[in-house]
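Spelled out from the first residue to the last, the chains are:
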Amino acid sequence: MEILLVFIIGLLHAGGLYMLLRRSMFKMIIGLILLGNGANLLIFLIGRLVKGKPPVIDEGLKVFADAYADPLPQALVLTAIVIGFGLQSFAIILIKRVYNVLETDDLDELNSTDEEL
Amino acid sequence: MSNPYIILPIVFHMAAAVILMFCWFQPRVQKLLSILFSLIGLGISVWLFRLVWHEGFQVTQAGNWDAPFGISFIADTLGSTLGLLSSISLLAVSIFSTVSMREERIKFGYFPTLHFLIMGLQGAFLTADIFNLYVWFEVVIISSFVLLTLGGKKTQLEGALKYVSLNLLASTFFLIGIALVYGLTGSLNLADVAIKIGAVENRGLVNMTAGLFLVAFGIKSALFPMYFWLPASYHTPPAAISAIFAGLLTKVGVYAMVRMFTMVFIGDTFMSITLSGLAALTIISGGLGAIRQQHLGKIFGYLIICHIGFLFAGLGIFTELALVGTIFYLIHDIVVKTNLFIVAGLMNKLTGSPFIKEQGGLYAKYPLLSLLFAIPLFSLVGIPPLSGFWAKVYLIQASFETREFLLVGSIIFGSFLTLWVIAKVWSESFWKDKPEASSSGKPWSTFSTKEKWGILVPIMFLSIVSLYIGLAAENIISLASRIAAELMDPSAYINSILGMK
Amino acid sequence: MKSLIFRTASIYLLPLLLLFSIFILLRGHYLPGGGFVGGLMAGVAFLIHSFAFGLKETRNIIKINPGFLMPIGLTICVLAALAPWIVSLPLMTGLWFEEPFKFVGMVGSALFFDIGVYLVVVGSTLIIMFTIADTV
Amino acid sequence: MKEYIIMILSFLGALFILSSSIGILRKPDVYLRINITGKASTLGIGLLLLSSGLFFNEVSVGTRITATIIFVFLTISIGGHMLARAAYFTKTPTWEKTKLDELAGHYDYETHELRSEIPRKAPELNNETKN
Amino acid sequence: MSLSEFYYMIIIPMLGISVILVFIRFIKGPSLADRVIALDMLILISIGIIAVYSVVFNQSTFLDIAMLFSLIAFLSTAAYAYYIEQRQRK
Amino acid sequence: MMLLIVLSGFLFSALTRPIGSIFKQALPWVFTALPVLLFIYFCSQIGVVSSGDSLTWTYKWVPSLGLDLVFELNGLSLLFALLITGIGSLVFFYSTYYLKGHAYMDRFYGYLSMFMASMLGVVLSDNLLALFIFWELTSISSFFLIGFNNEDPKSRKSALTALSITGLGGLVLLGGIILLSSIGGTYSFSELLSQRNSILSSSSYCWILVFVFIGSFTKSAQFPFHFWLPGAMKAPTPVSTYLHSATMVKAGIFLLAKMTPLLGGTPAWNHTLMIVGGITMVYAAIHSLFRVDLKGILAYSTISALGILVFLIGVGTEKALLAVGIFILTHALYKAALFLITGIIDYQTGSRDVSQLKGLQHVMKPVAIAGFIAALSSAGFPLFLGFLSKEIMYEATFKYAEIGILLTAAIVLTKIFLLVAGFWAGISPFTGELPENLKATKKPSPILWVPPLLLGVGSVLFGVFPALIEQSLIQPVFANISGLDTSIYLALWHGFNTVLLLSILTLIIGTAIYFQWKPSEGKFARTLRFEKISPQTLLEGFAVGFHTFAGVWTRAVQNGYLRNYVLSILAFLTVIMGYRFYEGVSIYLDWNQLSEITPSEVIVVTLMVISIIFAIVSTSRTASIVALGVVGFANCLFFLFYSAPDLAMTQFSIDTLTVLLFMLVLFKLPKNKIFSSKRIRIRDAVLSVLFGLLIAILTLEVFEEPSVTDISKYYADNAYLLAKGRNVVNVILVDYRGMDTLVETTVLIIAAIGVFSLIKLNLNPSKEQ
Amino acid sequence: MTKSLFLSNLMLTLIWVLATGVLTEENLLFGFFLGFGVLWIVTTGKTDRKYFYIVPTLIGFIGTLLWEIIKANFMTVKESIFQDQLEPAIIKYPLKAKTDGEISLLANIVALTPGTVVIDISDDKKVMFIHVMHLKDKESFIKEIQTKFENKLLKIIR
Ligand code: NA
Ligand code: NA
């Protein structure tokens, strides 16, 4: 299974970057979101896959009785997801504003601040 | 030494931001409070710096969980120094903001965000946990996004687009890097990681991970060929915002790079060579960019890049001597770049144009102001004995000793280009008569007294600091040497975090 | 939205969902859930309400400007985190009441911390979504 | 015994879900698809939830499952209505074999007003829906 | 045949096939409403899957996630409708 | 004391404002007092120094860098200090009248005293790093002085050119100094002297030479860096006098002279200097003949004189070094005089065109006298100081090994041309008939003509009585430069020999040429034809080319296209990681570690893969957004399967909110278009896939590493016992790693502020959306 | 108003107890206070709330409904697999129900029953537009709905 997940992680990264390489602002955001998903999945995978054993101590016990999934990567991914949400929503709104003000989706037309002078 | 209060700089700025948010609709109150908070913040940073200087590293374990289980915070000399410098920049910028920032921007969260930004920086400087560092980085970048776009002017938005996308890309790489480090060592605590990563047998994986960190921090610190966001965006926001960005943002990337590459990924020759090469290219590329520009903000923006190269030169050489140079330059650069962008903002206002072609006559009209401006300008060039000079001596010396002549050449060349550019700015904006056709600025005499002081005090404050750095170089060198020694031998850092004797 | 059915339903859904969100919040320490998800759910509840009745109406219901929920929540978080300073312990050290409370379980700084998170998440979700919904 | 009940219930649930999935794929227009989703899936999910409720056989789980089922029923029917309404608003075409469209002409697309009778001088008849 | 075997052999494949079918609809569209329906349906099916998995893994807490899923599914439908309505008004 | 002496100039300069406000009109006189006092002080030290002692004074400035302010007054530095303060006094004095009423008088004196102080610092410093610091300060202060008439674009350009060349030279010199110290282990010149052998044998010796030469040549306007000097003539004449006759340009000579005992005496040193100096002196001397502008003539003759000095240092024999000592003094005296005279003429007549100026002796007798003296000294007429120096020069070259004849020829030729140039500058304007248009010329003020006259007196005095300076000044200088104790002997009469013959020949031929050769605009214009291949044109061309290159480079790097930025970052990362991968990642795959694949997972994976691809290729925006939702949804199912209910919940809610945001926000955008060509798309795809592959392999290999879970185990073991929670993930979030959460909520708050302000605040002037 | 709020509060308490699954007096009390808080948050003061009259009767009505729903599902199964002859139509259904609550309830019920989806209700609350999958005859369909659901529902509620 890990192989499949690794494949998906690779695909998410490749796809995300491919989208970042496009000229459209919109695709850029899609790319960033895909990348973010890829990174989260990667962290999750690194923490090993354990089926059906959430890191929740059963009622009545003080410690885990048997195996459990590594909780730390989960916590990290959770934090990363929430942060990602903040950043992505900002980016999405930014795109909206850019479009409203500059009226184009084509990133190639948005290079006045790079020009000399 | 354990001290639960060392995170005061972080918490204080968070509290400051919260209070400022409660004053959302009262710009005047916000202005006053922000200055007050910046002053107190400076006091706290001074306290922490002195504490570290006299009594050594200060550690606290959040949640009272022993390292490496909880999140450790450590105030070492480097961290507390950078914290102090951020506070200095903040004080100057917050004073400057009170008079230069448009009321609308203040009504839309300028000051809270500013303090959040500083909080993020302080956090990044104090944390000893990689993932926590990531989180602080995110605070920094989201605040910088907000500040960069505040007001939503056309150019701001255009610049922000590149800034945002590339910085998010960097964050992703950073996150992946952290995941891999966790996978390799099972730990996130910097000290613990530093110990455990040595035991990883499959070195290739460590090296690849190092590559990810290189690019993640390389983007954030505007290293060649990853700096594109900087020239595209730094000149677009109001001067106060550019100033704080210029002083601190790329520097936090440099800081992170220094931390990771002096503690975790050490003894990697390939990376050292790569860093040296990139440093040289950064210097040259930044310098080449600077000589082409007409927009004052862009000129200084490219100079930031150029000088980031200096910082990385030291890291690439990686001898104690070189690190002294890097640290000294870092200290100098934060102060001077902040000042420079404030000055640029004022020049823009006085002449009515950000383009040096359309500026002019400053010297004839405002001789005293011009002399004041000359301090940051020529400090940047590193006209001895001003602050920019000393670090270069160390860097050149260190590169000679490791026989990295390419670096010597680029440092000299970069210094020359800086000199040339600043001389050109001086000749165009100060010496030249103001072109008739260009739009007229706002004469100094029309500024209110409050405005005058709000502008002059920060410039003078920063100029005094940079003069101090230059003229009392001995003190700064001893500080930088201590930091460099600590960086070269991180065992003290590791031991104090892990609580080992 | 001018849908009678939807509107009628939202009137009932809002309190239900809020209740559920608190439920999720409180049990987070023992079972999946917690401040984040709870906060998101509360945010979603208000959001659904605003879809039905418009932003103005929803804002009236919340009574407090959601913008202020964020600093309030953060203040609670910070206070919960800094409480250990009183007894000279590092920040975030867990401080707990000796005995568990009924249905809430153990009450300690971590719970207040989670409540702070809840409020922040509600506030910021609402600010973000409302601001956007306003412009559509 | 309990196990067999669970098996039967969950099999029926899965069957309903499967059938509505087939339906959603095969139905010719959006309104029919909405129609089909709303029906089968509600009971399908209800049964699946019910079967797991039986499995755990605890009060707290039971109450939560009841709440979820009610909620699902409620939201699916309201959701179906809203989707259909939105689809009509966007002038999503109905299937060509639709017998009758009494809604045509009742909407005012400007004000979003829905009248009970077609006004005398209908400003625009919703002709597109027929195509 | 034990319960979990039954679930693995029969129920989960059935639900899996449903997912695929719905997903095909999702890809095909053609209108946005179709995609939203498909998404809605996907979420509904996954509520079923959650119910199944809660039995398989003997984790009753999964059922709360099911609750959350239904709520969010409703949100997305409502938002879509809201979006359509607002867009039409422009 | 010495610190005060050096710093006094800076002090005065810093206090320009207060001094100005206290003394008002008397400000120039206050400033003039400074060099005069310093000159008197240095004169008083002549005795001490000539007795062989050297005065040192030490202040530890930056000890950790080895930077001490060690001021040493020895023969060489005393000579220069005297020139700097002596000629400085005259220039300061002269300027009180010359710039009378100028709006920026205060500024002028401020710069001037700063410059003087820097020069003193250069010549007095024993510590080479300190020397460099003052060296750079001379560059900067001269930048301000040359650009003093800053309204004039040419003036600004010259200042910039001068700064560029001297600044670059200075930085290179810094490299040399640091290299020197890293071999010698100290910046102290006197300590370095003791390590001469190790330095000479070091492999870096060549580089040191190159660096030091570039520093000196740029400063002393040696070919091919000389052209900044004529340009710098845009400065007010007193500035030219000060900078370009006596002080700044001599700093390079000073440095070479100072370094001779340390670095000199090797073929590399001698030959380079001889060649560069030789070319410079001849080239510039010829050039000086073609100028009509008095200052132009003087500029080129100065360059030529500097060339002579470099050349002589290169010859490096005792005689040659002695000649250096004398010629520095000689040249300073006559050239300063000529500059001042030019200034007077310019001031009184408003013209500097030698072809126009005639017969001015009728209106300004004292000036004419000074001019004659200076010209004759320059020509090396007997009884003038110039004669002495010329004799020794000829003698030095004539006796130089095999190529002595060649060297002598070169220097004789130079001397002839310089004679002509000197005559044109010092004699021609005063002789002949006074043209009508100059009849009205007023008599200059004594403040103007006294200084050049005084300089003339010096030339004559020392020329007639060389003993005055022989032991007191020149002997110590010689000792310093050569590092020898040999006594020197200056005599007016060396008897009849070849050298005297040459000397006479020089005078005769030179005078003859002077009468035959009339500089004119026409001739000057003809020289312009060669401008195309002149170093100035070439270097300026290079600069332009460089500037263009900078433009091309910058535009290529910062091209404005985000995709290219991402592309280069990505390419860079891929290369770095690919290389490291290739370099040594041991790849292994332990199937036992992997869990089995179940059909339901395959379905979710398929779902995910298809939606990712769909999100990428779909032309409908909304479709790709919703596909994105499916990706997140499938992601969420993974979390659910693999025991992360918290994650599943959060991911699902947040994913939906993101999709929602997208929908609400983006409907206004136009339809997705495919902008790029197929080739580019394939390129991007290949690169992305390559990167994805690397990440995938990396992930898999890291996954295959033995997992270390002691931290997670600690979390799990203590979650209930210490942290009183059962849901370990939540315990981590609110307790173990609560700081992360606290900060992350802050991120959300800031994002909310950002979204709010981004939407609600619009400062664009034009139109509201 | 106070009374209805109180009842709502009780309802919420009940739901809380159901959700937590613990039936003790402390939990009731806690649930009550929680419900009180929530109601305080959501009440604007002008909303008319009568739902607590409806809810108990609704529970009784569910029984009759369930049958219809099960029927609908089997119909869907048959339909999806054998693809019956479809006769879709959108028809106008005249409402007897008056209040928002009644109408909404009816609409929900209609939506859950075989082959019908409510598209919208007119602004004057007089008619309801229903999408029907198999329309044999418009009049009989309307009649069926009325007798099967609307009349019964109204009887229960009113
Ligand atoms: Na978190
Ligand atoms: Na910066």
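Residues numbered from 1 in each chain as written. Chains lettered and ligands numbered in written order. Predicted model: local features only at pLDDT ≥ 70, side-chain atom pairs only at ≥ 80, totals over all residues. Heavy atoms only, no water.

A. How the structure looks around the overall build of chain D. For chain D, the helix and strand inventory stands at 3 helices and 3 strands. When the helices and strands of chain D are read in sequence order from the N terminus, they spell out α-α-α-β-β-β. The buried share of chain D, reckoned over its 131 residues, is 65%. Across chain D, every contact between residues at least 6 apart in sequence was considered, and the portion connecting residues at least 24 apart equals 54%. For chain D, the accessible area works out to roughly 5000 Å², and carbon and sulfur atoms hold 61% of it. (Helix = DSSP H or I, 4+ residues; strand = E, 2+ residues; numbered from the N terminus. Buried < 20%, exposed > 50% of the residue type's maximum accessible area, 1.4 Å probe, protein only. Contact = heavy atoms within 4.5 Å. Areas by Shrake-Rupley, 256 points an atom, 1.4 Å probe, with all protein chains shown as cover.)

B. Examining the coordination of the sodium ion (ligand 2) more closely. Residue and element names in this part refer to chain B. The coordination sphere of the sodium ion (ligand 2), as far as protein atoms go, consists of F245 (O), A246 (O) and T250 (OG1), spread over 2.4 to 2.9 Å. Here the donor residues of the sodium ion (ligand 2) are spaced in sequence according to F-A-x3-T. Placement of both A246 and T250 in helix 11 (residues 239-264) is noted, with a separation of 4 residues, approximately one turn of the helix. Since its relative accessible area comes to 0%, A246 is described here as buried. On the basis of relative accessible area, T250 is assigned to the buried category, the value being 0%. (Donors = N, O, S within 2.8 Å, 3.2 Å for Na, K, Ca; no water.)

C. The arrangement of the coordination of the sodium ion (ligand 1) in detail. Coordination of the sodium ion (ligand 1) by the protein comes from T79 of chain A (OG1), E744 of chain F (OE) and E744 of chain F (OE), over a distance range of 2.3 to 3.1 Å. Residue T79 of chain A is located in helix 3 (residues 71-102), and its partner E744 of chain F is located in helix 33 (residues 738-760); the two belong to separate chains.

D. Up close: the pairing of strand 3 (residues 127-132) of chain G. Residue and element names in this part refer to chain G. Counting buried residues in strand 3 gives 6 out of 6 residues, a clear majority hidden from the surface. Burial of strand 3 is two-sided: the residues V127, F129 and H131 facing one way and the residues M128, I130 and V132 facing the other way are all buried. With 6 bridges connecting them, strand 1 (residues 89-94) and strand 3 associate as antiparallel partners. The partner of I90 across the bridge, within strand 3, is H131. (Pairing = 2+ DSSP bridges.)

E. A look at the packing of helix 14 (residues 320-351) of chain B against helix 20 (residues 473-488) of chain B. All names here are of chain B. Between helix 14 and helix 20, the least distance of the axes is 8 Å, while the angle of their chain directions is 125 degrees. On the basis of their axis angle, the class for helix 14 and helix 20 is oblique. Where helix 14 crosses over helix 20, the handedness of that crossing is right-handed. Residues E320, L323, V324, I327, F328 and I331 of helix 14 form the contact with helix 20, whose participating residues are A473, I476, I477, L479, A480, S481, I483, A484, A485, L487 and M488. Tallied by class, the residues present in the contact of helix 14 with helix 20 amount to 15 nonpolar, 1 polar and 1 charged. (Axes fitted to C-alpha atoms, helices over the stretch in contact; angles between N-to-C directions. Parallel < 35°, antiparallel > 145°, perpendicular 65-115°, else oblique. Left-handed = near helix turned anticlockwise from the far one by under 90°. Nonpolar A, V, L, I, M, F, W, Y, C, P; charged D, E, K, R; others polar.)

F. Just the packing of aromatic side chains, in detail. Summed over the entire model, instances satisfying the criterion amount to 90 aromatic pairs over all chains. Relative to Y234 of chain B, the ring of W229 of chain B lies with its centre 5.7 Å away and its plane at 65 degrees, an arrangement referred to as edge-to-face. Neither W229 of chain B nor Y234 of chain B differs from the other in exposure class; each is buried. Where F6 of chain E meets Y7 of chain E, the ring centres are 6.2 Å apart and the plane angle is 45 degrees; that geometry is what we call tilted. Classification of Y7 of chain E by relative accessible area gives buried; the value is 1%. Three or more aromatic residues link up through ring pairs in this structure, and these residues are Y363, F373, F378, W426, F430 and W431 of chain B together with Y111, F143 and F144 of chain F. Positioned above the aromatic ring of Y720 of chain F, the side-chain terminus of R726 of chain F is 4.1 Å from the ring centre. (Phe/Tyr/Trp six-rings, centres within 6.5 Å; stacked < 30°, edge-to-face > 60°. Lys NZ or Arg CZ within 6 Å of the ring centre and 35° of its normal.)

G. Expanded view of a nonpolar patch on the surface. Residues and elements named next belong to chain B. Where nonpolar side chains cluster on the molecular surface, the patch consists of W453, V457, M460 and I464 and spans about 380 Å² of accessible area. Tracing the chain through its elements places M460 in helix 19 (residues 449-471). Overall, the relative accessible area of 32% leaves M460 in the partly exposed class. (Patch = residues over 30% accessible without salt bridge, like charges linked within 9 Å, V, L, I, M, F, W, Y side chains within 5 Å. Salt bridge = Lys/Arg side-chain N within 4 Å of Asp/Glu carboxyl O.)

H. Structural context of the nonpolar core. Of all hydrophobic cores here, the largest spans 785 residues; its most connected members are Y110, F173 and F378 of chain B together with F42 and L263 of chain F. Leaving out residues up to four positions away in the same chain, Y110 of chain B has contacts with V93, S97, M101, R105, L147, L150, A240 and I241 of chain B. (Core = buried A, V, L, I, M, F, W, Y, C linked by side-chain atoms within 4.5 Å.)

I. Examining the interface of chain B and chain F more closely. In this complex, chain B contributes 117 residues to the contact, which on the side of chain F involves 107 residues. Each partner contributes to the roughly 9900 Å² buried at the junction of chain B and chain F, and carbon and sulfur atoms together form 75% of this total. Contact with chain F buries area across many residues of chain B, yet W65, M208 and W431 of chain B alone supply 9% of it, more than any other trio. For the pair chain B and chain F, the number of links is 3 salt bridges. D710 of chain F is the salt-bridge partner of K196 of chain B, the closest N and O atoms lying 3.7 Å from each other. Between the two partners, chain B and chain F, sit 18 residue pairs in polar contact (both at pLDDT 80 or more). With 13 residues, helix 7 (residues 154-185) of chain B is the single largest residue contributor to the side of chain B that touches chain F. (Buried area = accessible area lost by both parts, 1.4 Å probe. Polar contact = N/O pair within 3.5 Å; in protein donor to acceptor, adjacent residues only side chain to side chain.)

J. Here's a closer look at the UniProt feature "transmembrane region" (unreviewed entry) in chain D. According to UniProt, the "transmembrane region" (unreviewed entry) feature falls on residues 6-25, 37-56 and 62-84 of chain D. For residues 6-25 of chain D, helix accounts for 100% and strand for 0%, while the C-alpha atoms at its two ends are 28 Å apart. (UniProt positions renumbered as here; feature names shortened; annotations may be inferred.)

K. Representation of the UniProt feature "transmembrane region" (unreviewed entry) in chain A. Residues and elements named next belong to chain A. In this numbering, the UniProt entry assigns the feature "transmembrane region" (unreviewed entry) to residues 6-21, 28-50 and 75-95. When the span residues 6-21 is considered, its composition is 94% helix and 0% strand, and the gap between its end C-alpha atoms is 22 Å. In residues 75-95, helix accounts for 100% and strand for 0%; the two terminal C-alpha atoms are 30 Å from one another.

L. Here's a closer look at the interface of chain E and chain D. Listed by partner, the interface residues are 52 residues for chain E and 48 residues for chain D. Between chain E and chain D we count 2 salt bridges in total. A salt bridge links R64 of chain D to D64 of chain E; the shortest N-O distance between them is 2.7 Å. For the pair chain E and chain D, the interface holds 4 residue pairs in polar contact (both at pLDDT 80 or more). Residue assignment for the side of chain E that touches chain D shows that the elements contributing at least two residues are helix 1 (3-28), helix 2 (32-56) and helix 3 (62-89) of chain E. The greatest single-element share of the side of chain E that touches chain D, amounting to 16 residues, is contributed by helix 3 of chain E. Among the residues forming the side of chain E that touches chain D, the class breakdown is 33 nonpolar, 12 polar and 7 charged.

M. Structural context of a negative patch on the surface. On the surface, a cluster of negative charge is made up of D433 and E436 of chain B together with E151 and D152 of chain F. Mapped onto the elements of the fold, D433 of chain B is located in the loop between helix 18 (405-431) and helix 19. Residue D433 of chain B is classed as partly exposed on the basis of its relative accessible area of 42%. (Lys, Arg positive; Asp, Glu negative; His and termini not counted. Charge placed at Lys NZ, Arg CZ, Asp CG, Glu CD.)

N. Structural detail: the pattern of salt bridges. All chains considered together, the criterion is met by 27 salt bridges over all chains. As a salt-bridge pair, D129 of chain B and R737 of chain F come within 2.6 Å of each other at their nearest N and O atoms. Of the two residues, D129 of chain B sits in the loop between helix 5 (110-126) and helix 6 (130-149) while R737 of chain F sits in the loop between helix 32 (728-736) and helix 33, which places them in two different chains. Grouping residues by exposure puts D129 of chain B and R737 of chain F together as buried.

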